[in-house]
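Structural description and commentary
So the chains spell out like this:
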Amino acid sequence: MKLPIIETERLILRPLAMSDAEHIFNTWTSDPRVTKFMMYTTHKTVEETKEWLERTIRRVEDESLKRFEAGFQLKENGKLIGAAGGAYNPDCDRFNIGYNLAFDYWHQGYTSEAVKALVDCVSKMGVKHFISDHAVDNPNSGKVMEKIGMKFDHMGSYTCHDGRVFEAKYYIMDL
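What this report covers is the structure whose coordinates are included nearby. Keep in mind it's a predicted model, so treat the numbers as computed, not measured.

Helix length check: helix α3 (residues 46-61), at 16 residues, gives a terminal C-alpha distance of 22 Å against a target of 22 Å (1.5 Å per residue), a fit within 8%. Taken together, the buried positions of α3 are T49, W52, L53, T56, I57 and V60. The buried side chains of α3 occupy one side of the element, clustering within an arc of 130° when seen end-on. For α3, the elements touching its buried residues are α1 (21-29) and β3 (67-74).

Here is the structure:
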């Protein structure tokens, strides 16, 4: 799902590009504080980030997969500080939202600002049903979900690509 450039008060949300790979690696995919609860493991090389980014870009471009993704770029200096996206989950007929943000920008409201803008944008494109989850041990991610209007739905768990399993809280939103 191709998104337009989205501007918020402090951010520009834009498509990720292969030219972002080294910066993304140095800023968040190699940081275990950021990746601790993510589905993917901490990247050890920029090549891992390039492979992830290539897959992400290809999946967004494939309209049949019903996906969207945007990087968060600071208006003040153009620095890319995070990303968020969504993918259609046919099992629950909702778009599953996920996000990550460079550690140095945590607790400043950037993720809520960006994800709210993304949800607003894709809702105008017809996407009305969302789901997201966070590890119970990562309650700040749940605060983002609540700030954008999601409501707690149920407890569950998720399994990461490397086999780690986290108890999780699931949130939903219908617009």
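Before going further, it helps to spend a moment on the sheet that holds β3. Spatially, β1-β2-β3-β4-β5-β6-β8-β7 is the arrangement adopted by the eight strands of the open sheet, whose pairing is mixed. Edge positions in the sheet fall to β1 (6-7) and β7 (151-159), since each has one partner strand and no second. Note that β1 and strand β2 (residues 11-14) share two bridges and pair antiparallel. For E7, the partnering residue across the bridge sits in β2 and is I12.

A separate point is the packing of α1 against α3. Closest axis-to-axis distance for the α1/α3 pair is 9 Å, and the angle between their directions is 110°. One way to sum up the angle between α1 and α3 is to call them roughly perpendicular. Residues A21, E22, I24, F25 and T29 of α1 pack against V46, T49, K50, W52 and L53 of α3. For the contact of α1 with α3, a count of residues per class yields six nonpolar, two polar and two charged.

Further remarks concern the pattern of salt bridges. Enumeration according to the criterion identifies eight salt bridges in this entry. The salt bridge partner of K75 is E7, with a shortest N-O separation of 3.3 Å. Highlighted residues: K75 in the loop between β3 and β4 (80-89) and E7 in strand β1, separated in sequence by 68 residues. By relative accessible area, which is 36% here, K75 ends up partly exposed.

The next thing to look at is the pairing of strand β8 (residues 165-174). Strand direction decides the pairing type here: strand β6 (residues 129-135) and β8, joined by seven bridges, are antiparallel. By the bridge assignment for β8, F130 is matched with M173. Counting the residues that bridge the hairpin from β7 to β8 gives five residues, and of these G163 lies at a positive phi of roughly 95°.

About the cut-offs
- Residues numbered from 1 in each chain as written.
- Predicted model: local features only at pLDDT ≥ 70, side-chain atom pairs only at ≥ 80, totals over all residues.
- Heavy atoms only, no water.
- Helix = DSSP H or I, 4+ residues; strand = E, 2+ residues; numbered from the N terminus.
- Expected span 1.5 Å × (residues − 1).
- Buried < 20%, exposed > 50% of the residue type's maximum accessible area, 1.4 Å probe, protein only.
- Arc of directions from axis to C-beta.
- Contact = heavy atoms within 4.5 Å.
- Pairing = 2+ DSSP bridges.
- Axes fitted to C-alpha atoms, helices over the stretch in contact; angles between N-to-C directions.
- Parallel < 35°, antiparallel > 145°, perpendicular 65-115°, else oblique.
- Nonpolar A, V, L, I, M, F, W, Y, C, P; charged D, E, K, R; others polar.
- Salt bridge = Lys/Arg side-chain N within 4 Å of Asp/Glu carboxyl O.

By themselves, these are just geometric observations and shouldn't be taken as functional.
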